[in-house]
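Here are the chains, one letter per residue:
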Amino acid sequence: MPSRETAKERLVTLREELNLHAHRYYVQDAPLISDGEYDLLFQELLTLEEQFPELQTPDSPSRRVGGAPLPQFETVEHRFPMLSLENAFNDDHLRDFEARLQRFLKTQTTLSFMAEPKLDGLAVEIIYEQGLMTMGLTRGDGKHGETITNNLQTIASIPSKLCQPAGKPIPARIEVRGEVFLAIQSFQELNENRQREGEPLFANPRNAAAGSLRQLDSTITAQRPLDFFAYGVGDPTALPCASQTEILQYLGELGFKINPLAKYCPDISTTIAHFHALAAQRDNLPYEIDGMVVKVDDLSLQQRLGNKARSPRWAIAAKFPASQATTRLTDIIFSIGRTGAVTPVAVLEPVNVGGVMVSRATLHNEDEIKRKDLRVGDTVLIQRAGDVIPEVVKPIPENRDGTEKTIQMPEHCPEPECRHPLLRVSGESATRCPNPHCPAQRVRALSHFTGKAGLDIEGLGAKGVGQLMASGLVKDIPDLYHLQADDLAALDGWGNKSAEKTLIAINNSKKTGLAKFIAALGIRYVGEVTADLLASSFSSLEQLLAASKDSTDLLLEIEGIGEQAAASTRDYFNDPAVQEMLHQLTLLGLTPLPPTQESEKQPLHDKVMLFTGSLTSFSRNEAKARVKAMGGQVASSLSKKVTHLVCGEKAGSKLKKAQALGITILNEEEFTDLIATH
Ligand code: IVH
């Protein structure tokens with residue numbers, strides 16, 4: 001055995017050499033030594049680290065083989081949310097995108113873009129502090145991700161230590177974002193192996209990559225040849241870059257792999273041409289792509305454009321045309337949603353559509369079936385566009401032989417224990433079961449509450465909720481919080497361990513946020529975005545209840561909340577049964593927390609602005625977005641809640657009324673100063 005001193009010195013050299021060779025091989029595809037030589041160096045490193053475990057470092061290439069299994073993944077908040085993208089499905093959508101940007105920026109100048117292949121893998125974020133990788137996260141729900149640091153450390157093309165770019169600094173902290181993926185050939189080899197071992201096969205490379213990344217045992221991840229392309233950062237303003245082009249170049253200099261097909265496009269026509277060029281190459285690429293991401297290149301324009309609730313305004317995903325296949329529609333089943341809507345679902349002979357087996361497709365409602373003239377027994381055309389749910393495009397009438405049967409909506413609720421007559425309100429497309437006690441609806445509503453779109457109680461999916469309701473243990477939400485471990489353990493397929501884990505998850509869900517809680521209730525027309533708006537306008541559940549009492553007036557004052565959502569919210573909270581349920585939940589200790597105090601730190605958090613007249617240096621939309629981004633609210637009409645009236649040119653009658661109400665009046669210059677100084 002060498003002396004500790006000798007080992008220490010040798011380890012430094014080995015790590016540097018191995019990191020360099022890994023970079024040359026996995027990132028640059030230009031190895032300097034043979035695989036055999038690399039293996040020898042790696043073996044030497046492993047042996048030395050085994051002999052002197054205290055000399056191991058976090059950036060050691062030995063981490064690439066994985067480490068001890070974790071009990072579970074920890075959830076961490078992203079410093080900057082990981083947003084998703086809006087889609088464009090054709091050239092016109094891309095031109096509209098440019099026009100929208102120009103309107104928002106109030107400019108006619110040509111915009112330039114970065115166009116990057118949209119890899120079909122998994123978005124991750126890797127945090128580096130002082131050049132060293134300190135944490136790796138999944139995208140999660142966009143706001144919170146799971147720490148998969150050990151797993152990401154096994155990916156050879158992810159540097160554990162950043163390279164020093166010539167003439168530029170290494171940032172003190174950087175959140176690198178990109179896509180983890182599995183090449184098509186690696187996916188096929190992996191499945192062949194699994195078939196030999198009698199293990200279940202992965203449906204496509206994306207699922208295989210996801211399954212590999214979500215391993216608590218990183219030695220399993222290490223055996224999967226995952227790869228990574230970097231495409232962005234959490235906070236671009238912290239970098240020495242003025243454009244997306246420069247960001248990609250900088251990330252390359254820091255040691256990341258950048259997709260060579262990313263292209264700077266000086267205008268939207270070049271962007272569209274690149275989209276067609278990529279589509280033509282698609283089938284010859286070694287990895288799967290499902291479209292092209294178009295990003296406004298100039299970072300200062302990105303900054304001005306900002307974000308909407310879920311996606312940035314400055315980027316869009318241009319999707320490749322859908323993959324299609326034909327199959328037979330063998331039957332129709334009717335499923336009951338949480339609000340009682342009865343949805344016809346086509347049962348199909350399983351068919352492979354663009355790499356995914358499809359055996360069901362929603363037909364939405366009665367009108368849709370009539371419009372498409374679908375019949376049971378028809379040959380039908382199915383399509384899937386990327387991550388979009390499969391749909392039935394049309395029947396192929398030439399294939400009919402007269403045995404096909406037309407489709408009728410049922411007259412009674414298909415749930416055997418309900419059978420209530422169904423209703424179709426005129427003017428609405430949905431057919432509904434109006435029975436609030438319909439067991440099928442209750443199961444759906446409750447599994448919405450516990451599911452991903454609700455409180456996300458791990459271990460309690462639709463199946464478990466169904467079991468709990470069938471056993472009579474749970475009838476409504478509050479019953480969940482009375483459950484004991486024994487109750488759960490007694491259910492079919494449950495054990496003590498899963499029962500205890502789930503009970504902890506149920507208990508933890510009491511500390512939920514207000515927005516999540518509102519979304520979990522499953523109020524009609526109140527999805528995640530509306531729930532967020534409600535939560536940030538009312539600081540507690542009691543306030544929201546009070547505001548919804550008997551009228552929609554206060555709800556409608558919130559910018560972004562429409563008539564339907566307001567009416568539905570009012571009706572929901574005025575239902576005595578709902579009030580009783582919420583009261584029970586409060587007694588059980590469920591007190592949703594208002595949105596983070598963060599919002600109070602935001603400069604305009606207590607300001608409500610109303611705009612009148614036209615502004616000259618930016619569009620009304622940009623002005624509104626800027627106010628919201630700084631925590632302020634935008635009103636749509638004059639009321640006592642308004643704190644500032646911003647007057648552009650030709651301000652009308654609002655000005656006089658506002659003066660009478662004593663509201664602060666700002667002209668465009670004063671408004672520009674206000675948002676600039678904050
Ligand atoms: S930019 C805020 N660039 O697409 C900007 N995303 O809906 C959002 N994706 O799952 C991300 N390739 O992982 C960006 N070159 C690329 C991308 C890319 C693939 C994925 C991303 C996420 C989805 C965004």
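For the structure, see preceding data.
Residues numbered from 1 in each chain as written. Predicted model: local features only at pLDDT ≥ 70, side-chain atom pairs only at ≥ 80, totals over all residues. Heavy atoms only, no water.

Engineer: What exactly am I supposed to notice about the overall build of the chain here?
Structural biologist: Within the chain, the regular secondary structure consists of 26 helices and 23 strands. The C-alpha radius of gyration computed for the chain amounts to 28 Å, which stays within 12% of the reference 26 Å derived for 678 residues, consistent with globular compactness. The C-alpha extent of the chain, read off along each of the three principal axes, is 80 × 70 × 60 Å. For the chain, buried positions account for 46% of its 678 residues. Within the chain, contacts between residues separated by at least 24 positions form 67% of all contacts whose residues are at least 6 apart in sequence. Surface summary for the chain: the accessible area is close to 33800 Å², and the carbon and sulfur share equals 51%. (Helix = DSSP H or I, 4+ residues; strand = E, 2+ residues; numbered from the N terminus. Rg over C-alpha atoms; globule rule 2.2 N^0.38 Å. Buried < 20%, exposed > 50% of the residue type's maximum accessible area, 1.4 Å probe, protein only. Contact = heavy atoms within 4.5 Å. Areas by Shrake-Rupley, 256 points an atom, 1.4 Å probe, with all protein chains shown as cover.)

Engineer: Quick question: what am I supposed to make of the site of the ligand here?
Structural biologist: E116, A123, E179, Y231 and K295 are the nearest of the 13 residues found near the ligand. At a separation of 3.1 Å, an oxygen atom of the ligand approaches a polar backbone atom of L85. One of the backbone N or O atoms of L119 is found 3.5 Å from a nitrogen atom in the ligand. Put simply, the parts of the chain that give the shell around the ligand at least two residues each are strand 3 (113-119) and strand 10 (289-296). Taken together, the residues that form the shell around the ligand break down as eight nonpolar, one polar and four charged. (Near = heavy atom within 4 Å. Polar contact = N/O pair within 3.5 Å; in protein donor to acceptor, adjacent residues only side chain to side chain. Nonpolar A, V, L, I, M, F, W, Y, C, P; charged D, E, K, R; others polar.)

Engineer: Explain the sheet that holds strand 23 (residues 664-667) to me, please; I cannot follow it from the model alone.
Structural biologist: In sheet architecture, strand pairing relies on hydrogen bonds along the backbone and comes in two forms, parallel and antiparallel. Ordered in space as 21-20-22-23, the four strands form an open sheet in which the pairing is parallel. Edge positions in the sheet fall to strand 21 (633-634) and strand 23, since each has one partner strand and no second. Note that strand 22 (residues 644-647) and strand 23 share four bridges and pair parallel. Looking across to strand 23, one finds that L645 is bridged to I665. Each of strand 20 (608-612), strand 22 and strand 23 touches helix 25 (residues 653-661); the most contacted strand, strand 22, lies at about 150° to it. (Pairing = 2+ DSSP bridges. Axes fitted to C-alpha atoms, helices over the stretch in contact; angles between N-to-C directions.)

Engineer: In this structure, what is going on with empty space enclosed by the protein? I would like to understand it.
Structural biologist: Leftover empty space is mapped by rolling, across the atoms, a probe with the size of a water molecule. If you walk through the whole model with that rule in mind, you get two cavities of 30 Å³ or more. Approximately 70 Å³ is the volume attributed to the largest cavity. Forming the walls of the largest cavity are E557, I558, E559, V608, Q633, V634, A635, S636, S637, S639, K641 and V642. Its residues assigned to classes, the lining of the largest cavity shows five nonpolar, four polar and three charged. As a volume, the second largest cavity reaches approximately 40 Å³. Taken together, the residues of the lining of the second largest cavity break down into three nonpolar, one polar and two charged. (1 Å grid on protein atoms, 1.4 Å probe; cavity = no way out; pocket = protein on both sides within 12 Å on 5 of 7 lines; lining within 4 Å. Points joined across faces, edges and corners; volume = space filled by probe spheres on them.)

Engineer: Whenever I open this one, the layout of surface pockets confuses me. Can you help?
Structural biologist: For the second largest pocket, the calculated volume is near 960 Å³. If you go around the second largest pocket, you meet 26 residues; those closest to its centre are P436, R442, Y572, D575 and V578. Within the residue set of the lining of the second largest pocket, elements represented by two or more residues are helix 12 (439-450), helix 21 (563-574) and helix 22 (576-587). In terms of residue count, the dominant contributor to the lining of the second largest pocket is helix 12 (five residues). Here the residues of the lining of the second largest pocket sort into 13 nonpolar, five polar and eight charged.

Engineer: Looking at this structure, I do not really get helix 13 (residues 462-470). What am I missing?
Structural biologist: In an α-helix, one turn spans 3.6 residues; hence positions three or four apart end up facing the same way. Looking at helix 13, one finds that the buried residues are G464, V465, L468 and M469. Within helix 13, the buried residues cover an arc of 135° as seen down the axis, which keeps them to one side. Those residues of helix 13 that are exposed and angled more than 90 degrees off the buried face are A462, K463 and A470. Buried residues belonging to helix 13 abut helix 12, helix 14 (477-480) and helix 15 (485-489). (Arc of directions from axis to C-beta.)

Engineer: What should I look at first to understand the packing of aromatic side chains in this one?
Structural biologist: Centre-to-centre distance and the angle between the planes together describe a pair of aromatic rings. In the structure shown here, the tally under the stated rule is 13 aromatic pairs. Between Y25 and Y26 the ring centres are 4.8 Å apart and the planes differ by 75°, which places this aromatic pair in the edge-to-face class. A ring pair is formed by F229 and Y287, whose centres lie 5.7 Å apart and whose planes are at 75°; its orientation type is edge-to-face. Remark: Y287 occurs in the loop between helix 9 (268-281) and strand 10 and F229 occurs in strand 8 (residues 226-233); sequence separation between them is 58 residues. Here F229 and Y287 have matching classes, each one buried. Among the aromatic residues, those joined into a ring-pair cluster are Y128, F228 and F256. (Phe/Tyr/Trp six-rings, centres within 6.5 Å; stacked < 30°, edge-to-face > 60°.)

Engineer: Is there a simple way to think about helix 8 (residues 244-253) in this case?
Structural biologist: When we look at burial in helix 8, the residues that qualify are Q244, I247, L248, Y250 and L251. Down the axis of helix 8, the buried set is contained in an arc of 165°. They therefore lie on one face. Those residues of helix 8 that are buried lie in contact with strand 3, strand 7 (173-182), strand 8, strand 10 and helix 10 (299-305). With its phi angle positive at about 115°, G255 sits one or two positions after the end of helix 8.

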